[in-house]
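The chain contents come next:
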Amino acid sequence: MDLSASVETVKGVGPKTAAALMNVNINTVGDLVYCLPRIYENYQTTVNIEDLRPGKVIVRGKIDGLHIIRTSRKKLTITEGVIRDATGAIRTVWFNQPYRAKQFDSEREYYFTGKYELKNGRYVLTSPSATLVQDIEKDGEAAGFQPIYSAKSAIKPQTFHKIISGMRSDFAKIPDLLPLTEGKPDFVTSGARAEALFYSHFPESPEDAEKGRRYLAYEELFELILAAKLNKLENQRLRSTPLKFDAKFIQKIVKSLPFKLTEAQRRATWEILQALERTTPMNRLLQGDVGSGKTIVAAIAAAQAAHNGRQIALLAPTAILATQHYESLVRLFQDIEAKNPGITMPRTALLTGATFNKPMLKRLIKAGEIDFVIGTHALLTDTTTFRDLAFCIIDEQHRFGVGQRQKLLLKSPKDTAPHLLSMTATPIPRSLQLTAFGDLDVSLLNELPPGRQPIETRILNETEQRDELYPRMRELLAKKQQIYWICQVIEEKNGNMATPVKKQAKKLEELFPQVKIGLLHGKMRPEEKDRIMTEFAENKTQILVSTTVVEVGVNVPNANMIIIQDSENYGLAQLHQLRGRVGRGDQPAYCFLLTTGEGRPSKRLREMEKSTDGFHLAEVDLQIRGPGEIYGSMQHGELNLQVANLSDTELIAQASHHAEEFAQHAEEMENYSELATRIKKYQQLTTLN
Ligand code: ADP
Ligand code: MG
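First, a word on scope: everything that follows refers to the structure included in this document. For every chain, the first residue of its written sequence is number 1, and the numbers climb from 1 along that sequence. The order in which chains are written sets their letters, starting at A; the order in which ligands are written sets their numbers, starting at 1. Totals for whole chains, interfaces and linings use all residues, but because this is a predicted model, local features are given only for residues with pLDDT of at least 70 and pairs of side-chain atoms are given and counted only at 80 or more. Side-chain metrics in this entry use all non-hydrogen atoms of the structure; hydrogen atoms and water are not considered.

## Some remarks on the overall build of the protein chain
Part 1 of the reasoning: Starting at the N terminus, helices and strands are each numbered in turn, a helix being any DSSP run of H or I of at least four residues and a strand any DSSP run of E of at least two. Helix and strand counts for the protein chain come out as 24 helices and 20 strands.
Part 2 of the reasoning: If you line up the protein chain on its principal axes, its C-alpha atoms span 95 × 70 × 40 Å.
Part 3 of the reasoning: Classification of residues uses two cut-offs on accessible area relative to the type maximum, computed with a 1.4 Å probe and protein chains only: under 20% is buried, over 50% is exposed, and between them is partly exposed. Expressed as a percentage of the 689 residues in the protein chain, the buried residues total 52%.
Part 4 of the reasoning: Considering only intrachain contacts with a sequence separation of at least 6, the fraction spanning at least 24 residues in the protein chain is 73%.
Part 5 of the reasoning: For the protein chain, the computed accessible surface area is about 32400 Å², with 49% contributed by carbon and sulfur atoms. Whether two residues are in contact is decided by their heavy atoms, any of which lying within 4.5 Å being enough. Note on areas: Shrake-Rupley with a 1.4 Å probe; residue coverage comes only from the protein chains shown.

Written out as structure tokens, the structure reads:
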């Protein structure tokens, strides 16, 4: 079987079906055989109606008496019918699927798969799926264990089933894909792939299907891991400017800091400073929970680069954050210079959309009169050029796309690649680190600076418990501390029930006339945002009502309470980031998650209440949403695993070992052209350079 052949060459696929397949991106025979069944149905478990027990069931029979009932609640339709076999009859219902009333031929037999349960005092089969018996039984032989395909827009599952069935005898001719090399697990053998695909499409038992699935999951993990490893090797072939470590210089800086570095900060700084000395570019992620003190680690590394006479760029996702970094680092650098006569810290500048006289600043950067440029996207424009950019720092890296990172990295001199330090408070779970992010080195800040208080988190139902909240706010304000109040939207929007930030600000002004209230949102001009943020940082306003523009990085240690309105609308990572705005000083801190719903709060919110550990929450988030959604197009193209499950640590370990051995002989890749093609999509996915 030639997997690269067009679907048009498949027996039974006419021009119309071929066009429909291509429409859903199934272009080749390979694409076709990798469209795996959604689930399997075991028709051997079909029962007679007289023997039915509540639960998931399959019955075989004819259906009649179909009619539609419209309920008084608008738009809900119920389609009812009666299914009969030789032993009895049952009622069946579908909700909001009116087409069911016309779908069936009362003379023909179907398999109905659904839940047999008590509804409004009587037993019914609810929302069964149906398959024509004739479609799945061949030559009168009873149906057994059957794959069920998903509908692919214009192509019905049955059509799909037919096409695949027509190819059955060719499956044995599917060529091997994975290298049968050193380090492979026992189940990777010649013919194993063909067998796995065959088992997936034509299993005789659940065990067959599982065996097929496991092999294909392995294959997927192997590809993902190999791509990451090859990326890493490629990265190591690039040349970078080594930035020499000057122990005396670094010691002076560390001694002059206003605080003692945590053990974790020391370790991470050391790892980074060492990596910067190499002639291969660093590609490192500094991972540390909110408030763990990543900025200072980056600043010390930047100082080492400037000390070597090279330039550094720090990219931040918002003007507020860039400005804050700039101001605090300039202050820090001045302090250090004052304490250590003769020492030179980086000449630092801020470049955002609001920067006054950009052309002049850009000339200084180009001439090398500025060592350290801190900025936003404004930094990425073509007119920003460097004399000798050797080190790039990206703060809150998950906020940037591959293209944006690329733009920054290309600003280094020709023939060299800059060292890259990405920083994030959204930890990458270990399973992903072993797979998709295997090309990254990681430094970890797994410790918070001393004196930090745990943030007490509570879910509050807005309607019932809001009155509890105001006294807590008053208490905190009386202690001269400050509060963030987060809303999701700026103004009232059709269809979105969330309370807008402007409305909430008004309301709080009425409730708390004795304090000043700031209002911040993304549609304001950058200067205005900066002004409002500065007023809050200087305690000129006491409550800041804001949209999530304050989500990342902003540091106001006197703010010790955050209230997140409509908290059900946020993702776990985002909630954790928002909560990280408080508890940055040495006072107790509080986070209230307001909900409007009546039911039990979501798992996300309950996890937030239970844990303040970003690493734990990232794992939970991965379980809830899956990697595709978290590390979606924004960051990495698409990470859409078809078969593999990232919690399968044994398969990951095996694939990792096998891929590692194989990557040692990357030149052999040319003998594996299909593999090479297949991993391209992952290589683009995982690359950070
Ligand atoms: P994040 O990791 O979230 O970016 P920051 O770098 O903004 O954290 O640091 C948070 C706060 O902690 C800042 O005010 C910073 O000055 C302070 N900080 C950093 N390291 C230490 C330390 N070792 N001891 C005390 N405070 C520290
Ligand atoms: Mg930060």
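## Things to note about the nonpolar core
Soluble globular proteins: nonpolar side chains tend toward being buried together.
Part 1 of the reasoning: As used here, the term nonpolar core means buried Ala, Val, Leu, Ile, Met, Phe, Trp, Tyr and Cys residues forming a set that is joined through side-chain atoms within 4.5 Å. Judged by nonpolar contacts, the single largest core of 63 residues is most densely connected at L21, L32, F160, F222, L226 and L675.
Part 2 of the reasoning: Counting only elements with at least two residues in this core, the list comes to α1 (15-23), α2 (29-33), α5 (157-166), α6 (192-201), α7 (206-237), α23 (649-663) and α24 (673-686).
Part 3 of the reasoning: The leading source of residues in this core is α7, at 11 residues.
Part 4 of the reasoning: Counting 44 residues, the second-largest nonpolar core is a separate cluster that includes A299, M345, L350 and M423.

## As for α1
Part 1 of the reasoning: Within the span of α1, buried status applies to A18, A20 and L21. Down the axis, α1 shows its buried residues gathered within 160° of arc, on one side only. What points out from α1, more than 90 degrees from its buried face, is the exposed set P15, K16 and N23.
Part 2 of the reasoning: Lining the buried residues of α1 we find α2 and α5.
Part 3 of the reasoning: In the stretch just after α1, N25 is the one whose phi turns positive, near 70°. Regarding the arc, it is the one traced by the directions from the helix axis to the C-beta atoms.

## Looking at the site of ligand 1
Part 1 of the reasoning: By convention in these notes, a residue is near a molecule or strand provided one of its non-hydrogen atoms lies within 4 Å of it. Lining the immediate environment of ligand 1, one finds 16 residues, of which G291, K294, T295, R452 and N555 sit closest.
Part 2 of the reasoning: Counting of polar contacts relies on pairs of N or O atoms within 3.5 Å, with two restrictions inside protein: one atom must be capable of donating a hydrogen and the other of accepting it, and residues adjacent in sequence are counted only when both atoms are side-chain atoms. In this structure, K260 approaches ligand 1 through a main-chain N or O atom, which is 2.8 Å from a nitrogen atom.
Part 3 of the reasoning: Between an oxygen atom of ligand 1 and a side-chain N or O atom of R584, the distance comes to 3.1 Å.
Part 4 of the reasoning: Summarising the interface, the protein chains cover 82% of the accessible area of ligand 1, which totals 570 Å² for the free molecule.
Part 5 of the reasoning: In the shell around ligand 1, the residues fall into four nonpolar, seven polar and five charged. Classification convention: Asp, Glu, Lys, Arg as charged; Ala, Val, Leu, Ile, Met, Phe, Trp, Tyr, Cys, Pro as nonpolar; all other residues, Gly among them, as polar.

## As for the packing of aromatic side chains
Part 1 of the reasoning: Two aromatic rings from Phe, Tyr or Trp, using only the six-membered ring of Trp, form a pair when their centres are within 6.5 Å; if the ring planes differ by under 30 degrees the pair is stacked, by over 60 it is edge-to-face, and anything between is tilted. Applying the stated criterion to the full structure yields 20 aromatic pairs.
Part 2 of the reasoning: An angle of 50° between the planes, with centres 5.9 Å apart, marks the rings of Y110 and F112 as tilted. We note that Y110, like F112, is buried.
Part 3 of the reasoning: Relative to Y218, the ring of F187 has its centre 5.1 Å away and its plane inclined at 85°; by these criteria the two rings are edge-to-face. Of this pair, F187 sits in the loop between α5 and α6 while Y218 is found in helix α7, placing the two residues 31 residues apart along the sequence.

## Notes on the side chain of D648
Part 1 of the reasoning: Structurally, D648 is set in the loop between α22 (633-636) and α23.
Part 2 of the reasoning: Under the relative-accessibility criterion, D648 is labelled buried at 17%.
Part 3 of the reasoning: Only 3.1 Å separates the side chain of D648 from the side chain of R214, close enough to count as a polar contact.
Part 4 of the reasoning: When neighbours within four sequence positions are excluded, D648 is seen to be in contact with R213 and R214.

## Points about the pairing of strand β5 (residues 110-119)
Part 1 of the reasoning: For β5, a buried count of seven out of 10 residues is recorded, marking the element as mostly surrounded by other parts of the structure.
Part 2 of the reasoning: As judged from the seven bridges shared by strand β2 (residues 55-70) and β5, these two strands associate in the antiparallel manner. Of the residues in β5, the one forming a bridge with V57 is G114.
Part 3 of the reasoning: Inspection of the sheet shows β5 paired to strand β6 (residues 122-132) by nine bridges, in the antiparallel sense. Residue pairing for β6: Y111 is matched across the bridge by T131.
Part 4 of the reasoning: Strands are treated as partners if at least two bridges between them are detected by DSSP. Counting the residues between successive antiparallel strands, the hairpin from β5 to β6 contains two residues, one of them, N120, with a positive phi of roughly 50°.

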